[in-house]
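What follows is the residue order along each chain.
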Protein chains: 2
Amino acid sequence: MTDPLETLKTSIKALAEVKKYATLRDILSTMNAADIASLFEDDMPEEIVPLLYRLLPKELAADTFVEMEPDTQQMLITGFSDNELKEVVDELYVDDAVDLVEEMPANVVKRILMQADAQKRQMINTILKYPEDSAGSIMTTEFVDLRPHMTAEDAILHIRRSGITKETINNCYICSKDRKLIGVVTIRGLIMAESSQTMDELMEENVIAVTTMEDQETVAQQFSKYGFLAMPVVDGEDRLVGIVTVDDVLDVLEEEVTEDIEKMAAIVPADKPYLRMTSFELWKSRIPWLLLLMVSATFTGIIITGFEESLAKYVVLTAYIPMLMDTGGNSGSQASVTVIRGISLNEIEFKDIFRVIFKEMRVALLCGVTLAVCNLAKLLLFDRLAIMVAATICLTLVVTIFCAKIVGCSLPLIAYRLGFDPAVMASPFITTIVDAISLLVYFQFATRLLGLG
Amino acid sequence: MTDPLETLKTSIKALAEVKKYATLRDILSTMNAADIASLFEDDMPEEIVPLLYRLLPKELAADTFVEMEPDTQQMLITGFSDNELKEVVDELYVDDAVDLVEEMPANVVKRILMQADAQKRQMINTILKYPEDSAGSIMTTEFVDLRPHMTAEDAILHIRRSGITKETINNCYICSKDRKLIGVVTIRGLIMAESSQTMDELMEENVIAVTTMEDQETVAQQFSKYGFLAMPVVDGEDRLVGIVTVDDVLDVLEEEVTEDIEKMAAIVPADKPYLRMTSFELWKSRIPWLLLLMVSATFTGIIITGFEESLAKYVVLTAYIPMLMDTGGNSGSQASVTVIRGISLNEIEFKDIFRVIFKEMRVALLCGVTLAVCNLAKLLLFDRLAIMVAATICLTLVVTIFCAKIVGCSLPLIAYRLGFDPAVMASPFITTIVDAISLLVYFQFATRLLGLG
């Protein structure tokens, strides 16, 4: 388990303490930006970070800056001279500059925009106008665009002249005179082509593009589905305005999955790493659902209260309430989480609802009978319950699991159909509903089989 | 909500019914492989799929084949002549061919390998030797490798000659004579370079590579962290044996997230889309945890039984058991799921355990007090409980939430430290533990405050 990166970090720390800056500069300049950022943020005392940062070569410094958390970025900017700030801003790709501007307080934003050149400032402002989580907000406006009459040779010359400031040259887009997107050619296609072939002949005309207002999650799904490295973003008139690259999509996917998982665990997504959230922020993201679910649990209380007298006569029944509720809750969560994930992977659609319900009914019977048989043996042999009491518990188990699986699989699909996020219909919500169902079923069977009520 | 793809699918269905094959061929040849695959699998009657498939141009046919589910692939192969099969196999990239071979039954595999040329067959066999979920198993052996003395011009010529069969040319790797990986150059770097510059001068020597035996999840994390398009895979002697490309990583990420989510919902991961699993397979993936958790719930039963007589005297207490257990369970799940996700994003490590626990303690107090105050008001004003009974319930709430958050945040970290998958320590497991805790706390307070026991 000796991670070479950890070993390196230890040496760097030691070198920083004895101020061997020349050596540090040599080591740092061989490292990757993401690693330097995590080194600076997790392992170095905050006061020497600006000093170490200044040891980095210009381009690496900008790359490292992009990888840092907003609070470190702000700390560095505060210490920068205007010249130093300009150097960083000049090296940033537009989409990274936008991310930065979005995270910084107003006075810092003002300083950043003042240091950006007019063209970049305009690009930043364009992207800032798009709503959060839209394709427009994650795109970059630095892409290679070619004209249909250009030859492969022209195109490569054009890329050599302009490509250095473009985020990617792997996909080049061909636009008509009025800036409408009409085709795409990969750098591979350009290199393999005869130098006299024109874009008209080489380009793939059937370009899959997204519009600026498309949800970033949908964009990410298209990347997964088609295996793209970049996708063009067009405005309402089909004019090419930007591209989204796969590295940004990896971030989006991570973010969206975290959001889904949080929603499934009854947490209001917060968009901030856990260790950087204050206790108060964590409280704010957790208390709404806890409160709502606590209030919903009132129903289970009411059901039990309605049955209080009978329970007093047959107190043994109380001992099995938690087992019944938990097993029901777990069964329902399994179904709901499976369906939620299926929806977000586009494997399940609303039109499949009856197929899904029918499948879950069969699974529920299989699970219910297995658990009931195991439980019956336990109740009779170990707990030495009367046969009718054991039967009440086991029948409740089967019916509860049956209902739980149906509720669990159908609610996410219905939520999805109604335009809500299915992820909210996960474990905690399902559990609360299934609790009430299991108690109602339990007391029904108790009334019939044990003559209570 | 009119999806153009859906409209297209409807026209294609209509055209297929009236057998307009020439028109269909024209339409299909403009479509994307992933869309054609989903059209064939979800919208077309199975018997006409082979017919439509034969309308596709050769390369598109192979790409479409790769996008299909194993059962459709097998159905097509069964109908193929040896020649048709050879055409498909010839067009497949090695990593896709490996995926295919892994999914097919033995007799089909034999036919596939017989149609592959000797070189491809050898490559397939090499990759098949690596363990499932290792970097070796997801890599491709078709990459561009250059020598240090080559000039940029040589390199581009080399790519033009050999690049057509390589999966990606975006990253080219420089190897020494003994095949050791010594550097990487991007296609962008080659195009921007002077034609006489050598690889020695152009290459980035600090290459981040993975070994063949590395876990695919770790590989995927490196892609997310560094924003790579491709990564080299080396053997134990640092010899370059393959590359992993970002499109495969997107699939790995999706698969790994699904696995994590399933584990968190007490499901044994199954690696197959939901709608394609039989009820029996679903049962197999769900029953182990349901059984285990049901048995664990025995403890809560024992606790209640131990307190049976007192509960009989104070039956009102029973009505609040579900609310206390659910709120405790939800609080614990919030903490555990947050920590599990933090671990898998590398945001939280074991060394942070005390920081995490301390943070959760503060959040627990904030949440506990908020919920207790709301609940107290409800118990006194609506349920009209005696003050001491209400106090018992509310104090239990605070202490339960406190314990739930600590258990919820520390168990995943401990599991991680011990080398288990933290995802297993999610909601269902935590709920079972917290149930027992909440009951013990409840009855303790009841004994002290209400003089029961």
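What counts and what doesn't
Counting of residues starts from 1 at the beginning of each chain's written sequence and follows it residue by residue. To label them, take the chains in the order written and letter them from A, then take the ligands in the order written and number them from 1. Where totals are concerned, whole chains, interfaces and linings use all residues; where local detail is concerned, this predicted model gives features only for residues with pLDDT of at least 70, and gives and counts side-chain atom pairs only at 80 or more. Numbering of helices and strands runs from the N terminus, with a helix taken as a DSSP run of H or I at least four residues long and a strand as a DSSP run of E at least two residues long. Both definitions apply: the radius of gyration is a C-alpha atom measure, and the globule rule equals 2.2 Å times residues to the power 0.38. Here a residue counts as buried when 20 or more other C-beta atoms sit within 10 Å of its C-beta, as exposed when there are 12 or fewer, and as partly exposed otherwise, the C-beta atoms being derived from the backbone. Throughout, a residue-residue contact means that the two C-beta atoms, derived from backbone geometry, are no farther apart than 7 Å. Note on residue categories: nonpolar means Ala, Val, Leu, Ile, Met, Phe, Trp, Tyr, Cys or Pro, charged means Asp, Glu, Lys or Arg, and polar means any other residue, Gly included. Expected helix span is computed as 1.5 Å times (number of residues minus one). In this analysis, strands are considered paired if DSSP registers two or more bridges between them. Here the bounds of each domain stem from an automatic or database domain assignment. Copies overlap after least-squares fitting; the atoms used are the C-alpha atoms of residues with pLDDT of at least 70 in both. Nonpolar core, as used here: buried Ala, Val, Leu, Ile, Met, Phe, Trp, Tyr and Cys residues forming one set through C-beta atoms within 7 Å. As a per-residue measure, pLDDT tells how confident the predictor is, with possible values from 0 to 100. Angles shown run from 0 to 180 degrees and are taken between the N-to-C directions of axes, each axis being a line fitted to C-alpha atoms and, for helices, limited to the stretch in contact. Here roughly perpendicular refers to angles of 65 to 115 degrees, roughly parallel to angles under 35, roughly antiparallel to angles over 145, and oblique to all remaining angles. Definitions for this section: a left-handed crossing has its near helix turned counterclockwise from the far helix by less than a right angle. A right-handed crossing has that turn clockwise.

So, the overall build of chain A
Here is step 1: Scanning chain A for helices and strands turns up 23 helices and 6 strands.
Here is step 2: For 453 residues, the compact-globule estimate of 2.2 N^0.38 gives 22 Å, and chain A exceeds it by more than 25% at 30 Å.
Here is step 3: Taken along the three principal axes of its C-alpha coordinates, chain A extends 90 × 60 × 40 Å.
Here is step 4: Looking at chain A as a whole, 45% of its 453 residues are labelled buried.
Here is step 5: The long-range fraction of contacts in chain A, counting pairs at least 24 apart against all pairs at least 6 apart in sequence, stands at 69%.

Focus on the interface of chain A and chain B
Here is step 1: Taken together, the 90 residues of chain A in the interface contact 90 residues of chain B.
Here is step 2: In terms of residue class, the side of chain A that touches chain B is built from 50 nonpolar, 25 polar and 15 charged.

A closer look at the environment of A118 of chain A
Here is step 1: Locating A118 of chain A in the fold gives a position in helix α10 (residues 118–128).
Here is step 2: Between the C-alpha atom of A118 of chain A and that of T338 of chain A, which follows or precedes it by 220 residues, the distance is 50 Å.

Some details on helix α1 (residues 4–17) of chain B
Residue and element names in this part refer to chain B.
Here is step 1: Its 14 residues give α1 an end-to-end C-alpha distance of 20 Å, which sits within 8% of 20 Å, the value for a rise of 1.5 Å per residue.
Here is step 2: Judged by how many residues are buried, α1 sits mostly at the surface: 1 of 14 residues are covered.
Here is step 3: Just downstream of α1, K19 is the residue with a positive phi angle, here 60°.

Remarks on the sheet that holds strand β1 (residues 145–146) of chain B
Residues and elements named next belong to chain B.
Here is step 1: In space, the 3 strands of this open sheet follow the order β1-β2-β3, with mixed pairing throughout. If you trace the sheet from one side to the other, it starts and ends with β1 and β3 (181–186), each paired once.
Here is step 2: Across 2 bridges, β1 lies against strand β2 (residues 171–175) in parallel orientation. Looking across to β2, one finds that D145 is bridged to Y173.

A look at the domain arrangement of chain A
Here is step 1: For chain A, the domain assignment lists domain 1 (4–138), domain 2 (145–254) and domain 3 (297–450).
Here is step 2: Taking only C-alpha atoms, the centre of domain 1 of chain A and the centre of domain 3 of chain A are 52 Å apart.

Some remarks on the relation of the copies chain A and chain B
Here is step 1: When chain A is fitted onto chain B, the two copies agree to an RMSD of 0.1 Å after a turn of 180° and an axial shift of 0.0 Å. Taken together, the rotation angle and the small translation identify this as a two-fold axis. Minimal C-alpha distance to the rotation axis in chain A is attained by A312 of chain A, lying at 2.6 Å.
Here is step 2: A high fraction, 100%, of the interface residues of chain A reappear at the interface in chain B, so the copies pair face to face through one surface.

Digging into the nonpolar core
Here is step 1: In terms of nonpolar packing, the biggest core is built from 272 residues, with V244 of chain A together with V244 of chain B touching the most fellow members.
Here is step 2: Other than its neighbours up to four places away in sequence, V244 of chain B contacts A135, I138, M139, V219, A230, M231, V233 and V249 of chain B.

Description of the confidence of the model for chain A
Here is step 1: Overall, the predicted model of chain A reaches an average pLDDT of 87, with 99% of residues at or above 70.
Here is step 2: Model confidence for the complex is summarised by a pTM of 0.79, with the ipTM given as 0.78.

Thoughts on the sheet that holds strand β6 (residues 240–245) of chain B
Residues and elements named next belong to chain B.
Here is step 1: Taken in spatial order, the 3 strands make up an open sheet running β4-β5-β6, and their pairing is mixed. Every other strand in the sheet has two partners, leaving β4 (210–211) and β6 as the edge strands with one partner each.
Here is step 2: Note that β4 and strand β5 (residues 230–234) share 2 bridges and pair parallel. Pairing of V210 across the sheet is with V233, part of β5.
Here is step 3: Its contacts with the sheet put helix α15 (residues 216–226) on β4, β5 and β6, and the angle it makes with β5 is roughly 140°.
Here is step 4: Packing of helix α16 (residues 246–264) onto the sheet brings it into contact with β5 and β6, and relative to β6 it is tilted by some 65°.

A closer look at unusual backbone geometry
Here is step 1: One non-glycine residue, D133 of chain B, lies in the positive phi region at around 70°.
Here is step 2: Within the secondary structure layout, D133 of chain B lies in the loop between α10 (118–128) and α11 (135–138).

A few points about the pairing of β2 of chain B
Residues and elements named next belong to chain B.
Here is step 1: Taken across its 5 residues, β2 has 4 buried, putting it largely inside the fold.
Here is step 2: As judged from the 5 bridges shared by β2 and β3, these two strands associate in the antiparallel manner. Each bridged residue has a counterpart across the sheet, and for N171 the counterpart in β3 is T186.
Here is step 3: Counted along the chain from β2 to the antiparallel partner β3, the turn is 5 residues long, and its residue R179 has a positive phi close to 70°.

Some remarks on the packing of helix α23 (residues 427–450) of chain A against helix α20 (residues 321–344) of chain B
Here is step 1: Two numbers describe how α23 of chain A lies on α20 of chain B: the axes approach to 11 Å, and their chain directions differ by 170°. Taken together, α23 of chain A and α20 of chain B sit at an angle that is classed as roughly antiparallel. Regarding α23 of chain A and α20 of chain B, the two cross each other, and that crossing is right-handed. Here α23 of chain A contributes S427, P428, T431, T432 and D435 of chain A to the contact with α20 of chain B, which in turn contributes P322, D326, N330 and S333 of chain B.
Here is step 2: Class assignment of the residues belonging to the contact of α23 of chain A with α20 of chain B gives a composition of 2 nonpolar, 5 polar and 2 charged.

Overview of the environment of V252 of chain A
Residue and element names in this part refer to chain A.
Here is step 1: Mapped onto the fold, V252 is located in helix α16 (residues 246–264).
Here is step 2: For V252, a count of 20 C-beta atoms within 10 Å translates into the label buried.
Here is step 3: The sequence separation of V252 and A106 amounts to 146 residues, and the corresponding C-alpha distance is 25 Å.
Here is step 4: Setting aside chain neighbours within four positions, we find V252 in contact with I138, Q216 and A220.

A word on the packing of α20 of chain B against helix α22 (residues 387–417) of chain B
Residues and elements named next belong to chain B.
Here is step 1: Relative to each other, α20 and α22 sit at 30°, their axes nearing to 8 Å. Overall, the two elements α20 and α22 adopt an arrangement that is roughly parallel. Of the two possible hands of crossing, α20 and α22 adopt the one that is right-handed.

Things to note about the environment of L85 of chain B
Residues and elements named next belong to chain B.
Here is step 1: Within the secondary structure layout, L85 lies in helix α7 (residues 82–91).
Here is step 2: A count of 19 C-beta atoms within 10 Å places L85 in the partly exposed class.
Here is step 3: In this structure the C-alpha to C-alpha distance between L85 and A270, which are 185 residues apart in sequence, comes to 30 Å.
Here is step 4: Setting aside chain neighbours within four positions, we find L85 in contact with I77, F80, R111, I112 and Q115.

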